[in-house]
Amino acid sequence: MKPEVLKPVFDVQEIRAQFPILKELVHGKPLVYFDNAATSQKPRRVIKAESAYYATINSNVHRGVHTLSTKATEAQEAARETIRRHINARHAHEVIFTSGTTGSLNLAAFSLGQLLLKQGDEVLISGMEHHANIVPWQMVCERHGAQLKVIPITDSGEWDLAQVPFSDKTRVLAVSHVSNTLGTINPVKELIAEAKKRGIITVLDGAQAIAHLDVDVQDLGCDLYAFSGHKAYGPTGTGVLYGREELLERMPPWQGGGEMIDTVTFEKTTYAKLPFKFEAGTPHIAGIIGLGEAIRWMEDYDKPAMAKHEHELLEHASNQLLDIDGLRIIGSAKEKVGVISFVIEGVHHYDLGTLLDQQGIAVRTGHHCTQPLMERFGVTGTTRASFACFNTMEEVDAMVAATKKAVKMLR
Ligand code: C6P
């Protein structure tokens, strides 16, 4: 159960005051940070938690009997428990720490490949996946003689549910909960239910969901769920792979090394219990402690209230931007998080991004690590603004005004 906390009324200025970076100037202008899908900014509490570890308890975990090691271990394991509670996993040992979503998905692909895949089997992904949820599966498919199948995408940027290529050879379904490029919130529960009926293992890429949706892995019914800490107000270099206990028990380890073993001889190694079987080497202890703090911070500030605010920013941005002649929004799904991708006739996204930066406005331009999706929409790249709880309507207005100005200069 999540602790009952009295949520403060959503006050964007009060939230902004907690992000030191928002006081920075870029090219002499106040920073407008709209690149939260790439990485979110960090509240002071997270920065403090990470530096307090280095300043007061820096030590390795699960290795020493000395006081600092015990304190570091307790702090790291408290973060694991916080994350367990936040995503409603049954057990803390179902939460594996990784370097990020990419690390989590590579672990999942390698290990499931070893466990399940053989010649002729199929892995099903979707046409809106990030490269991190394409390439690891391609690599294991190649290794095991399996085939990658793809759910097509509609013009509005949603899965075409009438054309999901399930077959009796499908062994794994690996799809994103939320698209990083389109912002689409996918109907994952529905697809997981269908996959389960067919005995298919389900993997969700939650990189863009964790900071915006209430994620309940038991309710979703997925077998594995991957996310990064740094997109959820936590430190870079941290990530999680949640896994259902029974499946994790059967999955072979990904990397070998210290801490993931029970006994080692030159003839044979036996592996440690969960979660340590999957956590070879010294983890990013400071980062994990920071991630625990980021999750507690989000819980204090109420994710649904944050999501509502971000949705208002999205609506406002969409309405204002569509005033610009020749502007096309890529991704018009009914259910979206605060991500808006657009192209403008006669304007290259790179030039627009550079001119926005000169006004202090940070957006991402390019293919957003979703090249097949770009091909689907017949574009080489887009300009993407992605909102977080600390962004304001005034900042959206500033972006729209700067975009209009840039378009005049570039056409
Ligand atoms: N997307 C973006 O700007 P890492 O880099 O491991 O923390 O996350 C990879 C990843 C996986 N899946 C999805 C849906 C993602 O959005 C990302 C990261 C960033 O859109 C950086 S490319």
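Scroll up for the structure.
Residues numbered from 1 in each chain as written. Predicted model: local features only at pLDDT ≥ 70, side-chain atom pairs only at ≥ 80, totals over all residues. Heavy atoms only, no water.

S.K.: Looking at this structure, how should I read unusual backbone geometry?
M.R.: With an omega of 0 degrees, the peptide bond between Leu 274 and Pro 275 qualifies as cis. Along the chain, Pro 275 falls in the loop between strand 12 (269-271) and helix 9 (285-301). The backbone of Tyr 233 sits at a positive phi, close to 70 degrees, despite the residue not being glycine. Position of Tyr 233 among the secondary structure elements: in the loop between strand 9 (224-228) and strand 10 (239-243). Of the residues examined, Tyr 233 reaches a relative accessible area of 1% and is grouped as buried. (Helix = DSSP H or I, 4+ residues; strand = E, 2+ residues; numbered from the N terminus. Buried < 20%, exposed > 50% of the residue type's maximum accessible area, 1.4 Å probe, protein only.)

S.K.: Looking at this structure, I do not really get helix 11 (residues 349-358). What am I missing?
M.R.: Of all the positions in helix 11, only His 349, Leu 352, Gly 353, Leu 355 and Leu 356 are classed as buried. End-on, the buried residues of helix 11 take up no more than an arc of 165 degrees, which puts them together on one face. Gly 360 occupies a position one or two residues after helix 11 and carries a positive phi of about 85 degrees. (Arc of directions from axis to C-beta.)

S.K.: Please clarify how the nonpolar core should be interpreted in this entry.
M.R.: Soluble globular proteins tend to bury their nonpolar side chains together. The biggest cluster of nonpolar side chains holds 64 residues, and the ones touching the most others in it are Ile 83, Ile 87, Tyr 225, Tyr 233 and Trp 297. Among the domains, domain 1 (12-36 + 302-410) and domain 2 (48-299) are the pair contributing at least three residues each to this core. Ignoring sequence-local partners within four residues, the contact set of Ile 83 consists of Val 95, Phe 97, Phe 227, Val 240, Leu 291 and Ile 295. Among the nonpolar cores identified, the runner-up in size contains 27 residues, and Cys 141, Ala 146, Met 251 and Phe 278 belong to it. (Core = buried A, V, L, I, M, F, W, Y, C linked by side-chain atoms within 4.5 Å. Domains from an automatic or database assignment. Contact = heavy atoms within 4.5 Å.)

S.K.: What is the right way to read the site of the ligand from this model?
M.R.: Around the ligand, 17 residues are found, and the nearest of them are Thr 102, Asp 205, Ser 228, His 230 and Arg 364. Here Thr 101 contributes a backbone N or O atom positioned 3.4 Å from an oxygen atom of the ligand. Ser 228 has a polar side-chain atom sitting 2.7 Å from an oxygen atom of the ligand. If the ligand stood free it would expose 510 Å²; the protein chains cover 87% of that surface. Looking at the shell around the ligand residue by residue, the class counts come to 5 nonpolar, 8 polar and 4 charged. There are two domains that each give the shell around the ligand at least three residues, and those are domain 1 (12-36 + 302-410) and domain 2 (48-299). (Near = heavy atom within 4 Å. Polar contact = N/O pair within 3.5 Å; in protein donor to acceptor, adjacent residues only side chain to side chain. Areas by Shrake-Rupley, 256 points an atom, 1.4 Å probe, with all protein chains shown as cover. Nonpolar A, V, L, I, M, F, W, Y, C, P; charged D, E, K, R; others polar.)

S.K.: Looking at this structure, how should I read the sheet that holds strand 13 (residues 327-329)?
M.R.: The pairing of strands in a sheet comes from backbone hydrogen bonds and takes either a parallel or an antiparallel form. Across the sheet, which stays open at both edges, the 4 strands sit in the order 13-14-17-16 with antiparallel pairing between neighbours. Each edge of the open sheet is held by one strand with a lone partner, namely strand 13 and strand 16 (364-366). Geometrically, the sheet is characterised by an average inter-axis angle of 30 degrees between neighbouring strands, direction not taken into account. Where strand 16 lies against strand 17 (residues 382-386), 3 bridges are found, and the strand directions are antiparallel. By the bridge assignment for strand 17, Arg 364 is matched with Arg 384. Contacting strand 13 and strand 14 (339-344), helix 10 (residues 303-321) runs over the sheet at an angle of about 10 degrees to strand 14. Its contacts with the sheet put helix 11 on strand 14, strand 16 and strand 17, and the angle it makes with strand 16 is roughly 160 degrees. (Pairing = 2+ DSSP bridges. Axes fitted to C-alpha atoms, helices over the stretch in contact; angles between N-to-C directions.)

Nothing here speaks to function; it is geometry throughout.
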